[in-house]
Amino acid sequence: DAKTTQPPSMDCAEGRAANLPCNHSTISGNEYVYWYRQIHSQGPQYIIHGLKNNETNEMASLIITEDRKSSTLILPHATLRDTAVYYCIVRVEGDYKLSFGAGTTVTVRA
Amino acid sequence: GAVVSQHPSWVICKSGTSVKIECRSLDFQATTMFWYRQFPKQSLMLMATSNEGSKATYEQGVEKDKFLINHASLTLSTLTVTSAHPEDSSFYICSARTSGEIGQFFGPGTRLTVL
């Protein structure tokens, strides 16, 4: 059973912000939201995670709605190298297993 | 940041032979490592959890006698695909658990092709 729902694909323009949505309407209070990305033929790369507060790091920002039922990953200035499959995953604190869904294939175009 | 390596990065073998894939945590110790498999145009599927010094825990549907996992040290886990067949051709990815909230870092993957 899928814990998250993401659009299968999206295009964005180089230099513009990319906003990637994720629905996790059944999230529990002790589940974190994690984002990974996988560039073609490579292992997944950690991007960011959060529990309920918005988070920002050098790669991206994570906006979590107040009811925690959805979130948005923001790539502030997309580059061609950001073309990848982006996975939104919910993970229980203390349980290190990750369950990957289909993710969103993001294509950044020049 | 934490670095995880895999060796080899790709391997081609004949049907019926066994192939060993290594997963190493280069700058940290990992009591737990995970092995995933990814078929073309599909997502990652967790195969097993590898615990240092104990038997691996396999996910439902994964044959433990076919995919042998050995986690002999805190920096090395190996996956051996025994009697490989063409349907075992896939992208095998490991990850290593770290302390802290990030949880785990992934290796670059190993492309296995069985002829």
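Definitions and cut-offs
Residues numbered from 1 in each chain as written. Chains lettered and ligands numbered in written order. Predicted model: local features only at pLDDT ≥ 70, side-chain atom pairs only at ≥ 80, totals over all residues. Heavy atoms only, no water. Disulfide = S-S within 2.5 Å. Helix = DSSP H or I, 4+ residues; strand = E, 2+ residues; numbered from the N terminus. Buried < 20%, exposed > 50% of the residue type's maximum accessible area, 1.4 Å probe, protein only.

## Considerations on the state of the cysteines
Okay, step 1: According to the stated counting rule, one finds 2 disulfides over all chains in the structure shown.
Okay, step 2: Note that Cys22(A) is cross-linked by a disulfide to Cys88(A), the S-S spacing being 2.1 Å. Measuring handedness by torsion sign, the sulfur bridge of Cys22(A) and Cys88(A) sits at about -80 degrees and is left-handed. In this pair, Cys22(A) is assigned in strand E2 (residues 18–23) and Cys88(A) in strand E8 (residues 84–92), connecting sequence segments 66 residues apart. The residues Cys22(A) and Cys88(A) share a single accessibility class, namely buried.
Okay, step 3: Shown here is the disulfide that connects Cys23(B) with Cys94(B), its sulfur atoms set 2.0 Å apart. Because the sign of the S-S torsion sets the handedness, a value of about 80 degrees for the bond joining Cys23(B) and Cys94(B) places this disulfide among the right-handed ones. Of the two residues, Cys23(B) sits in strand E3 (residues 19–25) while Cys94(B) sits in strand E9 (residues 90–97), which places them 71 residues apart along the sequence.
Okay, step 4: Considering cysteine sulfurs only, Cys22(A) is the nearest to Cys12(A), which forms no disulfide, with 17 Å between them.
Okay, step 5: Between Cys13(B), a cysteine without a disulfide, and Cys94(B), which holds the nearest cysteine sulfur, the sulfur-to-sulfur distance is 18 Å.
Okay, step 6: Look at Cys13(B) and you get buried, because its relative accessible area is 9%.

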